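What follows is each chain in one-letter form.
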Amino acid sequence: MDGNNRWSKKKHLNLFNSYYEGGLNLLKISKFVFSNYQINYISAFALSKNNLNRPKYVISTIKKVLDKVLHQLDQNKIDFNIKFIGDLSFLDNKVLKKISEIQNLNSESNNKLIIFLNYSGRVDIENAFKIKVNLRKKSSSVSNLLSTRDIPDPDLLIRTGGYQRISNFLLYELAFTELIFTKTLWPDLKTSIIKKYIQKFNNTERKFGI
């Protein structure tokens, strides 16, 4: 979900409105994908652990946007489940309580939107190895100790904003994921573009190293 800052400058909008539009776009795209394709999991990299090094006003803005989007989710009916993964300790108790409530909505739904917040793929792998060492069980697979253990590995990753890198996302899970990098800024990513990328993926022969 890269490009919100640049989009705010491009549209002459303040940072809050830019991130808010980005949040609404995630919900719009998720509804479109779940309604039109046999896809049960969507993962969104909303905030990297590295992003917490950004200026305090940026992090404060992101927190305010999250609070507003969470309240909107509570008021507007959605038919899919939302789960948050990452270190949420940087959020206040009010927001944490709201996240807990949101995660309980549609918990039985097969369609899951996974939002990675203050997440680091590298830290997740390091933590998994620490757990494995403490367990002292050779049979414990690292993949079963990751925070993503209950989620299938991604089939397709779409990176917006023009940068051609993974930026500490799902470093372990992306081993055989198809990658698409686009210059489109996140708030400008339309469902029509998503449709084109899914079609491209469906026409891709995946060999998984065979």
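Look a little higher up for the structure.
Residues numbered from 1 in each chain as written. Predicted model: local features only at pLDDT ≥ 70, side-chain atom pairs only at ≥ 80, totals over all residues. Heavy atoms only, no water.

1. Remarks on the pairing of strand 3 (residues 112-119)
Counted residue by residue, strand 3 has 8 buried out of 8 residues, so it is predominantly covered. Bridge analysis of strand 1 (residues 41-48) against strand 3 gives 7 bridges, and the strand direction is parallel. When the bridges of strand 3 are listed, tyrosine 41 appears paired with lysine 112. Summarising the sheet, strand 2 (residues 81-85) and strand 3 pair through 5 bridges and their orientation is parallel. When the sheet's bridge partners are listed, isoleucine 85 is paired in strand 3 with phenylalanine 116. A crossover connection joins strand 2 to the parallel strand 3 through helix 4 (residues 93-104); in handedness this β-α-β unit is left-handed. (Buried < 20%, exposed > 50% of the residue type's maximum accessible area, 1.4 Å probe, protein only. Helix = DSSP H or I, 4+ residues; strand = E, 2+ residues; numbered from the N terminus. Pairing = 2+ DSSP bridges. Right-handed = clockwise from strand over helix to strand, strands pointing away.)

2. Some details on the pattern of salt bridges
According to the stated counting rule, one finds 7 salt bridges in the structure shown. A cluster of three or more residues bridged by salt bridges with shared partners is formed by Asp2, Arg6 and Arg159. (Salt bridge = Lys/Arg side-chain N within 4 Å of Asp/Glu carboxyl O.)

3. As for the packing of aromatic side chains
The tally for this structure, following the rule as stated, stands at 9 aromatic pairs. Pairwise contacts between aromatic rings join Phe45, Phe116, Tyr119 and Phe169 into one cluster. It is arginine 165 that lies over the ring of tyrosine 163; its NZ or CZ is 4.3 Å from the centre. (Phe/Tyr/Trp six-rings, centres within 6.5 Å; stacked < 30°, edge-to-face > 60°. Lys NZ or Arg CZ within 6 Å of the ring centre and 35° of its normal.)

Shape descriptors only; they carry no functional weight alone.
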